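Coordinate inspection notes
If you want the building blocks of each chain, they are given just below.
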Amino acid sequence: MALQCGIVGLPNVGKSTTFNALTRGKALAANYPFATKDPNMGVITVPDPRLDKLAELVQPQRILPTAVDILDIAGLIKGASQGEGLGNQFLANIREVDAIVHVVRCFEDDNVVHVDGSVNPVRDKEIIDFELGLKDLETVEKKMEKSARAAKAGNKDEQRDLVTLQKVKAHLETGKPCRELLPDMSDDELRLMGDLSLLTAKPVLYVCNVDEGSMHNGNAFTEAFKKSIEGENAEVIYLSANIEAQISDIDSPEERAEFLEMMGLEEPGAHRLIRSCYKLLNLITYFTAGVKEVRAWTVRNGAKAPEAAGVIHSDFEKGFIRAEVIKYQDFLTYGSEAKVKEAGKMSVEGKEYVVGDGDIMHFRFNV
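Residues numbered from 1 in each chain as written. Predicted model: local features only at pLDDT ≥ 70, side-chain atom pairs only at ≥ 80, totals over all residues. Heavy atoms only, no water.

Moving on to the nonpolar core. Counting residues in each nonpolar core, the largest one holds 54 residues, and the members touching the most others are Leu-22, Ile-70, Val-101, Leu-205, Val-207 and Leu-273. If near-sequence neighbours (up to four positions away) are discounted, Val-101 is found in contact with Cys-5, Gly-6, Ile-7, Val-8, Leu-205, Val-207, Leu-273 and Cys-277. (Core = buried A, V, L, I, M, F, W, Y, C linked by side-chain atoms within 4.5 Å. Buried < 20%, exposed > 50% of the residue type's maximum accessible area, 1.4 Å probe, protein only. Contact = heavy atoms within 4.5 Å.)

Attention shifts here to the pattern of salt bridges. Side chains bearing opposite charge may pair, as long as their charged atoms lie close to each other. Going through the model one piece at a time under the given rule, you end up with 24 salt bridges. Taking the shortest distance from any N to any O, the salt bridge between Glu-56 and Lys-53 comes out at 3.6 Å. On the criterion of helical spacing, the pair formed by Glu-56 and Lys-53 is a turn pair, its members being three residues apart in helix 2 (residues 49-58). Two residues, Asp-124 and Arg-123, come together in a salt bridge whose shortest N-O distance is 3.1 Å. In the salt-bridge network here, residues are joined through shared partners; they are Asp-157, Arg-160, Asp-161, Asp-188, Arg-191 and Asp-195. (Salt bridge = Lys/Arg side-chain N within 4 Å of Asp/Glu carboxyl O. Helix = DSSP H or I, 4+ residues; strand = E, 2+ residues; numbered from the N terminus.)

Before going further, it helps to examine the packing of helix 8 (residues 241-248) against helix 9 (residues 253-263). Running from N to C, helix 8 and helix 9 point in directions that differ by 155 degrees, and their axes come no closer than 10 Å. With respect to each other, helix 8 and helix 9 are oriented roughly antiparallel. Each of Ile-243, Gln-246, Ile-247 and Ser-248 in helix 8 lies in contact with helix 9, whose residues at this interface are Arg-256, Phe-259, Leu-260 and Met-263. (Axes fitted to C-alpha atoms, helices over the stretch in contact; angles between N-to-C directions. Parallel < 35°, antiparallel > 145°, perpendicular 65-115°, else oblique.)

In this structure, Asn-12 is a non-glycine residue whose phi angle is positive, near 65 degrees. Assignment of secondary structure puts Asn-12 in the loop between strand 1 (4-8) and helix 1 (15-23). Residues other than glycine seldom take positive phi values, yet Ser-197 does so here, at roughly 50 degrees. Mapped onto the secondary structure, Ser-197 falls in the loop between helix 6 (187-196) and strand 6 (204-210).

The subject of this paragraph is the packing of aromatic side chains. Aromatic ring pairs are described here by two measures, namely the spacing of the ring centres and the angle between the planes. Evaluated as defined, the whole model comprises four aromatic pairs. With centroids separated by 5.9 Å and ring planes inclined at 90 degrees, the aromatic side chains of Tyr-286 and Phe-363 adopt a geometry described as edge-to-face. One end of the pair, Tyr-286, is in strand 8 (residues 283-289); the other, Phe-363, is in strand 12 (residues 360-365), and 77 residues separate them in sequence. Judged on exposure class, the residue Tyr-286 and its partner Phe-363 are both buried. Three or more aromatic residues link up through ring pairs in this structure, and these residues are Tyr-286, Phe-320 and Phe-363. (Phe/Tyr/Trp six-rings, centres within 6.5 Å; stacked < 30°, edge-to-face > 60°.)

What follows deals with the confidence of the model for the protein. Mean pLDDT for the protein: 87, with 89% of residues reaching 70 or above. Here residues 29-37 is modelled with pLDDT under 50, and outside its nearest four sequence neighbours on either side it reaches 25 contacts, counting other chains as well. (pLDDT = per-residue confidence, 0-100.)

A grouping of Glu-254, Glu-255, Glu-258 and Glu-261 is seen on the molecular surface, where their side chains present a negatively charged patch. Its location among the elements puts Glu-254 in helix 9. For Glu-254, a relative accessible area of 54% corresponds to the exposed category. (Patch = residues over 30% accessible without salt bridge, like charges linked within 9 Å, V, L, I, M, F, W, Y side chains within 5 Å. Areas by Shrake-Rupley, 256 points an atom, 1.4 Å probe, with all protein chains shown as cover. Lys, Arg positive; Asp, Glu negative; His and termini not counted. Charge placed at Lys NZ, Arg CZ, Asp CG, Glu CD.)

Turning our attention to the sheet that holds strand 4 (residues 67-72). If you walk across this open sheet you meet the six strands as 2-4-1-5-6-7, and the pairing is mixed. Unpaired on one side and paired on the other, strand 2 (40-45) and strand 7 (235-239) mark the two borders of the sheet. Direction aside, neighbouring strands of the sheet carry axes that sit 25 degrees apart on average. Pairing of strand 1 with strand 5 (residues 99-106) involves four bridges; the strand directions are parallel. Bridged to Ile-7 within strand 5 is Val-101. (Pairing = 2+ DSSP bridges.)

Let's shift gears to the pairing of strand 5. Taken across its eight residues, strand 5 has eight buried, putting it largely inside the fold. Of the strand pairs in this sheet, strand 5 and strand 6 are connected by seven bridges, and their pairing is parallel. Note on strand 6: the bridge partner recorded for Cys-106 is Val-210.

Here the focus is helix 8. For helix 8, every residue scored as buried is listed here: Ala-241, Ile-243, Glu-244, Ile-247 and Ser-248. The arc that holds the buried residues of helix 8, viewed along the axis, is 160 degrees, so those residues lie on one side. Packed against the buried residues of helix 8 are helix 1, strand 6, strand 7, helix 9 and helix 10 (269-280). (Arc of directions from axis to C-beta.)

All right, on to the packing of helix 4 (residues 121-152) against helix 5 (residues 156-172) then. Helix 5 packs onto helix 4 with a crossing angle of 155 degrees between their chain directions and a minimal axis gap of 9 Å. Taken together, helix 4 and helix 5 sit at an angle that is classed as roughly antiparallel. Considering only the axes of helix 4 and helix 5, their crossing is left-handed. Together, Gly-133, Asp-136, Leu-137, Val-140, Glu-141, Lys-143, Met-144, Ser-147, Ala-148, Ala-150 and Ala-151 of helix 4 and Glu-158, Gln-159, Leu-162, Leu-165, Gln-166, Val-168, Lys-169 and Leu-172 of helix 5 make up the contact between the two elements. For the contact of helix 4 with helix 5, the class distribution of residues is 10 nonpolar, four polar and five charged. (Left-handed = near helix turned anticlockwise from the far one by under 90°. Nonpolar A, V, L, I, M, F, W, Y, C, P; charged D, E, K, R; others polar.)

Pasting the structure below:
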């Protein structure tokens with residue numbers, strides 16, 4: 001599935017370092033604004049202990065995890081919505097992604113210059129929100145002009161859309177993101193929002209980039225930041241981009257485990273971030289398990305069986321007949337597909353079956 005998360009934030013907050021830790025890539029991480037002039041894209045595998053456990057039981061020839069695309073988008077600054085810095089280019093990049101990972105700096109370091117001269121994650125977030133909101137306001141006003149002309153000519157759909165646009169405009173003018181409006185919108189309103197592709201309507205995950213001593217419990221910066229977003233219903237995670245970069249540079253599994261233990265970490269923070277991105281995109285995982293391969297597949301939450309089959313191949317969806325489904329916990333309990341069948345725990349599902357996270361599926365089709 002070509003769904004993407006985009007990493008955004010002000011310059012020098014740790015975006016590119018975080019991106020490198022996620023992808024083990026080598027995006028330029030420099031101590032000055034606009035070190036990243038073009039979006040860097042990486043494909044990150046989603047850590048899933050369930051895949052490893054299935055592989056232990058099945059002993060396949062290969063194991064294939066699922067993945068998410070992630071983009072490192074250059075830093076925004078004040079005035080980006082009016083083209084300051086590389087504003088228009090950056091905003092266009094953000095428009096293309098499905099969800100936003102917003103990195104804020106929550107550490108002091110005299111060796112890393114802050115673009116605004118001091119560390120204040122609340123202010124930094126407000127700068128980004130203001131610039132994205134201004135761009136959204138511009139988008140909404142342009143659409144309102146078109147809808148108003150069509151509504152005046154008697155187009156009832158445009159008349160209805162105009163009411164929604166006026167509501168969205170009023171909300172943006174308060175400085176609040178459009179994502180706050182989405183839970184209470186009708187299907188028609190959500191369709192319009194999708195067509196507009198508003199920047200502040202995208203789901204967001206906040207990443208507080210902290211120093212080593214604040215990885216577990218945060219600090220004064222993170223507390224102030226969490227308080228500032230209480231009304232957004234957004235997830236916040238802490239990680240140290242510097243520590244994550246060190247972890248990603250360790251190739252030996254044994255040495256990496258030792259380093260994690262020394263840092264008091266059960267797993268890299270990057271793993272938590274990747275799983276949070278996956279959740280942010282409203283995705284779930286189902287598995288296929290056989291002697292040739294055990295594989296994780298990505299599907300949107302709420303997808304029905306034919307759509308899940310289509311992730312493997314379009315012919316599977318077109319010619320879908322049925323899906324044979326084993327719940328993950330049942331597979332673990334009985335240890336093999338054959339024993340699950342013997343216990344009567346494998347179900348046969350039709351086109352209306354909604355795929356569950358962790359389902360082990362086998363599709364029957366005919367084309």
